[in-house]
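Close look at the chain arrangement
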Amino acid sequence: MIYTALSNLWFGFGVALEPQNLMWCFAGVLIGNLVGVLPGMGPLATISMMLPLTFAMKPVGAVLLLAGIMYGAQYGGAICSILLNLPCHPPHAITCLDGYPMTKQGRGGVALSLTVMASFIGASWGIVEMIFLSPVLVSLALDFGPTEICSLMLLGLLGGSTLAKGPAIKGVCMTIFGLLLGSIGVDVQTGIDRFTFGVSELYDGIELVALALGFFGVAEFMLNINSLDAKSRTYSNVGFRDMRPTRQDIRRSFFPMIRGTLTGSLCALIPGAGPTIASFVAYSVEKKVSKTPERFGTGMIEGVVGPETSTHSSVQGDFIPTMSLGIPGDAVMALLLGALMIQGIVPGPQLIGEHPDIFWGLVASFWLGNILLVVLNVPLIGIWVKLLTIPYRYLYPSALFFVCIGVYSAKNSFFPVGEVMVFGVLGYLLNRLGFHPAPILLGYVLGPRFEENFGRAMLISRGSFEIFITRPISAIFVVASILLVGSQIWMRRKRRPAATRDTPHPA
Amino acid sequence: MTTIGLSFAWVGRTYGFGTTMRPGPGFMPTALGVVLAILGLVITIGALNATEDQAEESILPANPSWRGWACILGGILAFMIFGKIGGLLPAAFSCVFISASGDRAATLKGSLLLAAAITLFGALLFSVVLQMPIPLLQWSPS
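Values in this document were obtained by computation on a predicted structure and should not be read as measured data. (Residues numbered from 1 in each chain as written. Chains lettered and ligands numbered in written order. Predicted model: local features only at pLDDT ≥ 70, side-chain atom pairs only at ≥ 80, totals over all residues. Heavy atoms only, no water.)

Section: the overall build of chain A
- The number of helices and strands found in chain A is 21 helices and two strands.
- Looking at chain A residue by residue over its 507 residues, the buried ones come to 60%.
- A sequence separation of at least 24 residues applies to 80% of the contacts in chain A between residues at least 6 apart.
- Carbon and sulfur atoms make up 67% of the accessible area of chain A, which amounts to about 19700 Å² in all. (Helix = DSSP H or I, 4+ residues; strand = E, 2+ residues; numbered from the N terminus. Buried < 20%, exposed > 50% of the residue type's maximum accessible area, 1.4 Å probe, protein only. Contact = heavy atoms within 4.5 Å. Areas by Shrake-Rupley, 256 points an atom, 1.4 Å probe, with all protein chains shown as cover.)

Structure follows, in structure tokens:
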């Protein structure tokens, strides 16, 4: 088994090293790193902006580019949170706790270089996991019929919505809303148009790009405008020379890296528990293990390295269910799947067999991309730090223009641009009400496939719901879903007396 | 308090979704609509119970920036309108200029410069390099 995996990996490197693919991979990590550093710009918005540009590309290049943006942004986000105490992306919120105090002590450079190292180690482990685990999952999943796929999707959707940010019930609401949005347009099975209200532009359904950019582009601009205050940049003078860690630093961060890797890869295996949860778990583990837990928060290198490693290892691990089962764990993965579907590639267990170049090329490009990122981040740190000083008032109008033209070019029509506006306002309102829009995207991407497989399962069983319980594998997924929901309710009950505050918290 | 009002609107809307469906293809939306409506009710009840300690939690932030929001949305609208009748150049310029004016620290000169720069860059990138089928300048007011 190891032999086949290695030969497949070799093949993957062949794909990823083709000049064109290598270029896309580099472009991806560069753009990703850039938006990761810029405050107020997220990887989600960037990926959806680039999405229309990838329509004309070959599928491999498109996936490498989009995936590169995603993990590139993870590296860039660390710079922002350590030097400015600005958690641009949720997984880095925890890095700020000890990273910024280190910056204040003048050791920000050390924190950064160790973070880059930690990220690389975490990512490498995630990739190894992906190489060996995905084929196993696929061989299991190839026997899945529509019934199993349906209940697996149910589990994935519930996991993605309940474990994400914010109260679980609101997450579920958003997922269902997404599923409903996905049902707009002509029904695949009967050819009847639904919810189009006679608007012919809606027959093809809502544009994925418009949905994503509305919720994560325009809505974010509206949240951030005039409220993103300038942070003090007095400590952010970091050069290459400040980045050399002492021997003691390396020794202290060795075990946190290993522990972070483990927690990260475990979190990646639970559907829906993405990098954010992984980083929180890793931080609390470090605090538990440490001999001096009271000193956390004052610039402990362990508190920076552990969570960062775990974030990266789970980011790569997230690709496992996405690529091998076709079930995305979070909104970014849902977007990637959407990109594949636009290219005419059906995600699911058959993907690795039918398109080995995509899967193995992607795996190999992860390694190349991570090496590129280390090269980009260590010597060029000064440039990234300079970029932090670009004011938001120059950023968002430019980004808005890219949003508009991106959406326009998806269909060469101005109608989706209007959709963006509607979703932007809606996304802003939802955010203020404490509904996080990320699960909507999950529901939207999975919706049509869920419905299709549900319909097929119903055909097989002649309209009886029993089929979901009588089939063993499907029954396991159903039980797991019930356990997931049950544990959420139980935890809420337990938590309530301690803290009744369940206020909607704008993200 | 606004939370509650909007939750009600939410619930009402989902009922509309659920009941007006045709039987065959409408099965899934109906079922989902009902579930969503129930969840919406649960949230509403929860919000009603917890109103005492979070009464001032409102849909507007502490200092609403109407101008900023209007400018962002106006920028998109301008892109649509000018793009339809005038092509890429006026669309890009108006979009960036209008949205840039939304920031409190924005100056007329700064916004104009930024808009010009982005327009130039955008025209080069999308029309020349990427060969997108959108005219740079045209006149088709209809």
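Here we look at the overall build of chain B
- A count of helical and extended segments in chain B gives five helices and zero strands.
- Among the 142 residues that make up chain B, the fraction classed as buried is 44%.
- The long-range fraction of contacts in chain B, counting pairs at least 24 apart against all pairs at least 6 apart in sequence, stands at 60%.
- Of the roughly 7500 Å² of accessible surface on chain B, a fraction of 75% belongs to carbon and sulfur atoms.

Comments concerning the packing of aromatic side chains
- Considering all chains together, one arrives at two aromatic pairs over all chains under this definition.
- Aromatic pair Phe-359 of chain A and Trp-360 of chain A: ring centres 4.9 Å apart, planes at 85 degrees, arrangement edge-to-face. (Phe/Tyr/Trp six-rings, centres within 6.5 Å; stacked < 30°, edge-to-face > 60°.)

Comments concerning the packing of helix H12 (residues 301-324) of chain A against helix H15 (residues 356-377) of chain A
Residues and elements named next belong to chain A.
- Interaxial distance between H12 and H15 falls to 12 Å at its minimum, and their mutual angle equals 170 degrees. Between H12 and H15, the crossing angle belongs to the class labelled roughly antiparallel. Contacts between H12 and H15 pair Gln-316, Phe-319 and Met-323 from the former with Phe-359, Leu-362, Phe-366 and Asn-370 from the latter.
- Of the residues that constitute the contact of H12 with H15, the class distribution is five nonpolar, two polar and no charged. (Axes fitted to C-alpha atoms, helices over the stretch in contact; angles between N-to-C directions. Parallel < 35°, antiparallel > 145°, perpendicular 65-115°, else oblique. Nonpolar A, V, L, I, M, F, W, Y, C, P; charged D, E, K, R; others polar.)

Overview of the side chain of Ser-119 of chain A
Residues and elements named next belong to chain A.
- Mapped onto the secondary structure, Ser-119 falls in helix H6 (residues 108-141).
- Side-chain polar atoms of Ser-119 contact the backbone oxygen of Thr-115, separated by 2.6 Å.
- Discounting chain neighbours no more than four positions away, the residues touching Ser-119 are Tyr-75, Glu-308 and His-312. (Polar contact = N/O pair within 3.5 Å; in protein donor to acceptor, adjacent residues only side chain to side chain.)

Focus: the side chain of Thr-115 of chain A
All names here are of chain A.
- Tracing the chain through its elements places Thr-115 in helix H6.
- Classification of Thr-115 as buried rests on a relative accessible area of 2%.
- If sequence neighbours within four positions are ignored, Thr-115 has contacts with Ala-78, Ile-82, Val-304 and Glu-308.

Observations regarding the confidence of the model for chain B
All names here are of chain B.
- Scored by pLDDT, chain B comes out at a mean of 64, with 35% of its residues at no less than 70.
- Predicted confidence for residues 17-23 stays below pLDDT 50, and this span has 10 contacts to residues more than four positions away or in other chains.
- Per-residue pLDDT stays below 50 along residues 52-57; that stretch engages in six contacts with residues further than four places along the chain or on separate chains.
- Across the assembled chains, the prediction reports ipTM 0.71 with pTM 0.72. (pLDDT = per-residue confidence, 0-100.)

Structural notes on the confidence of the model for chain A
- Predicted confidence across chain A gives a mean pLDDT of 73, with 78% of residues reaching 70 or more.
- The low-confidence segment residues 497-507 of chain A (pLDDT under 50) makes 16 contacts with residues lying over four places distant or belonging to another chain.

Thoughts on a nonpolar patch on the surface
Residue and element names in this part refer to chain A.
- Judged by side-chain polarity, Phe-254, Phe-255, Ile-258 and Leu-262 come together as a nonpolar surface patch covering roughly 410 Å² of accessible area.
- By the element assignment, Ile-258 lies in helix H10 (residues 247-269).
- On the accessibility criterion, Ile-258 (39% relative accessible area) is partly exposed. (Patch = residues over 30% accessible without salt bridge, like charges linked within 9 Å, V, L, I, M, F, W, Y side chains within 5 Å. Salt bridge = Lys/Arg side-chain N within 4 Å of Asp/Glu carboxyl O.)

Focus on the environment of Ile-250 of chain A
All names here are of chain A.
- With respect to the helices and strands, Ile-250 occurs in helix H10.
- Judged by relative accessible area, which is 38%, Ile-250 ranks as partly exposed.
- Sequence separation between Ile-250 and Ile-301 is 51 residues; the distance between their C-alpha atoms is 9.3 Å.

What about the environment of Ala-123 of chain B?
Residue and element names in this part refer to chain B.
- Of note, Ala-123 is situated in helix H5 (residues 108-129).
- Since its relative accessible area comes to 11%, Ala-123 is described here as buried.
- Residues Ala-123 and Leu-108, 15 residues apart in the sequence, show an inter-C-alpha distance of 22 Å.

Considerations on helix H13 (residues 331-342) of chain A
Residue and element names in this part refer to chain A.
- Counted at 1.5 Å a residue, the expected span for H13 with its 12 residues is 16 Å, and the 16 Å between its end C-alpha atoms agrees.
- Within H13, 10 of the 12 residues are buried, leaving the element largely enclosed by the surrounding structure.
- Of the residues making up H13, those classed as buried are Ala-331, Val-332, Met-333, Ala-334, Leu-335, Leu-336, Leu-337, Gly-338, Ala-339 and Leu-340.
- Looking one or two residues beyond H13, the residue adopting positive phi is Gly-344, at roughly 90 degrees. (Expected span 1.5 Å × (residues − 1).)

Structural notes on the packing of helix H5 (residues 93-104) of chain A against H12 of chain A
All names here are of chain A.
- Contact geometry for H5 and H12: axes closest at 8 Å, N-to-C directions at 145 degrees. Note that H5 runs across H12; the crossing there is left-handed. Every residue of H12 that contacts H5 at Ile-94, Thr-95, Asp-98, Gly-99 and Met-102 is listed here: Ile-301, Gly-303, Val-304, Pro-307 and Glu-308.
- For the contact of H5 with H12, the class distribution of residues is five nonpolar, three polar and two charged. (Left-handed = near helix turned anticlockwise from the far one by under 90°.)

Quick look at the environment of Ile-72 of chain B
- Inspection of the secondary structure assignment puts Ile-72 of chain B in helix H3 (residues 66-86).
- As for Ile-72 of chain B and Ile-85 of chain B, which are separated by 13 residues in sequence, their C-alpha atoms are 20 Å apart.

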